[in-house]
Amino acid sequence: MNIKISKRMSQPDFQGAFTADILKAAANPSLISFAGGLPNPVSFPVEEMEAATNKVLARDGVRALQYSGAQGYPPLIKRICERYKKIMDLDFSPKDIIITNGSQQALDMFSAVMIDPGDQIMVENPTYLCALQTFHLYYPEVLPIKLNEDGIDTDMLAETVKTQNPKFIYIIPNFQNPTGLTYSENVRQQMAEVLKGTDVLVLEDNPYGELRFSGEAGHSLHYFLGEQCVMLGTFSKIVSPGMRIGWIACKNREIFDKLLAYKTTMDLHTNIFCQMVLEQYLEDNDLDAHIERAKKIYGEKAEYMISCMEKYFPEGVTYTKPEGGMFIWVTLPEGIKAVDVQAEAIKEGVAVCAGDPFYENERGVRTMRINYSNSTNEAMDKGMKILGDVMKKMI
Ligand SMILES: Cc1ncc(COP(=O)(O)O)c(C=O)c1O
């Protein structure tokens, strides 16, 4: 048989296998894994969800088991709008929101609606690898923009906007994946100044924004740019990733209508049963209190992880100190490749994530991502010692 896989899925740079490997490593009980981005299951509201499920089935079982509208469950959409106002001082109305199968689906919807082959788009370099993979399925020319300690490099952004013709920029301004970095308020304002009055859209992804355990929150780009900024959100990191409930918030009517049309074509609608259970959970429980508990856990874990790095990592290795979210970004000394450290560490039973697939254009890099949200203190201690020893051997 001569099977001809599509050009799209045969692209040499398509890194789908890498994500599968990360998820596999995270699920392998014989490994100590810092490779994934999994929320800590101690924060999962299992009993509350059981109660919410029973209530939904008893109250409205037929609706929960029937087909439903493409845009999503109206009471859940209303809650998302209320939360935008409360947490970020943003005004979205229910007609701006589409509930999606995780924000990952929203990334694909936005790409399908916006990217023609050869279109220029901008991304932070490095950025979320599954976003890069999704964009590449639509054959854009990806223009990587340098990411500094305090956020996107606004000089490079301004130069790129002036000399090229990008359609949008994809950003994760809070506790970025993979670096854990957060944009300063100054960078946010400068970025808005660069983009205001241009045709460049912002796609702002904010899965970790509510998981701040220190410092002050900055404004969303939507606050400065309004309709020019489309937002992605998710319940994955604050309630449950398994329920697969995210959303896209878009005020531009032309884009919104196309997003909804594409969503309908993809899967008709997001699982209505899960949407209703989640909404019931939000009705019966205090989400703020739940997030406070998760933040406390993650803040303690980040601190412990950093203390292990201080103890075990050799001189010359540097790392970010996150104010929230789930990741620390480690930079190795000159001459050592992260993929080599990753390969040696896995032989010793520790999984980490080399930085390579998070860059649009760089391989053999010295950076790697360490996740701290889902490990016990014992695992962090043991794992960082092993990792530190591997680094020392290589140096
Ligand atoms: C930056 C970023 N965007 C989107 C997602 C996808 O999240 P969801 O579970 O909502 O699909 C993730 C998941 O790790 C992420 O880190």
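Look up a bit, the structure's there.
Computed from a prediction, not measured in an experiment: that's the story for all the values here. (Residues numbered from 1 in each chain as written. Predicted model: local features only at pLDDT ≥ 70, side-chain atom pairs only at ≥ 80, totals over all residues. Heavy atoms only, no water.)

Following the sequence through the fold, threonine 234 ends up in strand β8 (residues 229-234). Between the C-alpha atom of threonine 234 and that of tyrosine 208, which follows or precedes it by 26 residues, the distance is 8.9 Å. Not counting residues within four places of it along the chain, the set of residues in contact with threonine 234 comprises Ser103, Pro207, Ile245, Gly246 and Trp247. Engagement of the side chain of threonine 234 in a polar contact is seen with the backbone nitrogen of serine 236, the distance being 2.9 Å. (Helix = DSSP H or I, 4+ residues; strand = E, 2+ residues; numbered from the N terminus. Contact = heavy atoms within 4.5 Å. Polar contact = N/O pair within 3.5 Å; in protein donor to acceptor, adjacent residues only side chain to side chain.)

Before going further, it helps to examine the nonpolar core. Counting 89 residues, the largest nonpolar core has Ile169, Phe235, Leu278, Val330, Ile370, Met384 and Leu387 as the members making the most contacts within it. The biggest single contributor to this core is helix α11 (residues 287-312), with 10 residues. Counting contributing residues per domain, this core is built from domain 1 (8-44 + 289-394) and domain 2 (62-284), each supplying no fewer than three. Dropping the residues within four chain positions of it, leucine 278 is found in contact with Met49, Leu76, Phe235, Val239, Met243 and Ile245. (Core = buried A, V, L, I, M, F, W, Y, C linked by side-chain atoms within 4.5 Å. Buried < 20%, exposed > 50% of the residue type's maximum accessible area, 1.4 Å probe, protein only. Domains from an automatic or database assignment.)

Across the sheet, which stays open at both edges, the eight strands sit in the order β2-β9-β8-β7-β6-β3-β4-β5 with mixed pairing between neighbours. The sheet is open, and its two edges are formed by β2 (97-101) and β5 (151-152), each paired on a single side. Pairing analysis gives five bridges linking β2 to strand β9 (residues 245-249), with the strands arranged antiparallel. Bridging from a neighbouring strand, isoleucine 97 pairs with alanine 249 of β9. Sitting on the sheet, helix α6 (residues 154-163) is in contact with β3 (120-125), β4 (141-148), β5 and β6 (166-171), with an inclination near 155° to β4. (Pairing = 2+ DSSP bridges. Axes fitted to C-alpha atoms, helices over the stretch in contact; angles between N-to-C directions.)

Attention now goes to the site of the ligand. Close to the ligand lie 14 residues, the nearest being Ser103, Asp205, Tyr208, Thr234 and Ser236. Asparagine 177 is positioned such that a nitrogen or oxygen atom in its side chain is 2.8 Å from an oxygen atom of the ligand. Between an oxygen atom of the ligand and a side-chain N or O atom of tyrosine 208, the distance comes to 2.6 Å. Notes on the ligand: free accessible area 400 Å², of which the protein chains cover 92%. Per-element tally for the shell around the ligand: the top contributor is helix α4 (residues 102-114), with three residues. Among the residues making up the shell around the ligand, the classes are represented as five nonpolar, six polar and three charged. (Near = heavy atom within 4 Å. Areas by Shrake-Rupley, 256 points an atom, 1.4 Å probe, with all protein chains shown as cover. Nonpolar A, V, L, I, M, F, W, Y, C, P; charged D, E, K, R; others polar.)

If you walk through the whole model with that rule in mind, you get 22 salt bridges. We note a salt bridge from lysine 296 to glutamate 300, for which the minimum N-O separation is 3.0 Å. Of this pair, lysine 296 and glutamate 300 are both found in helix α11, four residues apart, which corresponds to roughly one turn of the helix. Judged by its relative accessible area of 56%, lysine 296 falls in the exposed class. A salt bridge links aspartate 381 to lysine 311; its shortest N-O distance comes to 3.5 Å. (Salt bridge = Lys/Arg side-chain N within 4 Å of Asp/Glu carboxyl O.)

Within this structure, the stated rule accounts for 11 aromatic pairs. With a centroid separation of 5.4 Å and 75° between ring planes, the pair formed by phenylalanine 135 and tyrosine 170 is classed as edge-to-face. Taken together, the residues phenylalanine 135 in helix α5 (residues 129-136) and tyrosine 170 in strand β6 connect sequence positions 35 residues apart. For the pair phenylalanine 135 and tyrosine 170, a shared accessibility class is recorded, and that class is buried. Aromatic ring contacts, followed pair by pair, group Tyr84, Phe92, Phe235 and Trp247 into a single cluster. (Phe/Tyr/Trp six-rings, centres within 6.5 Å; stacked < 30°, edge-to-face > 60°.)

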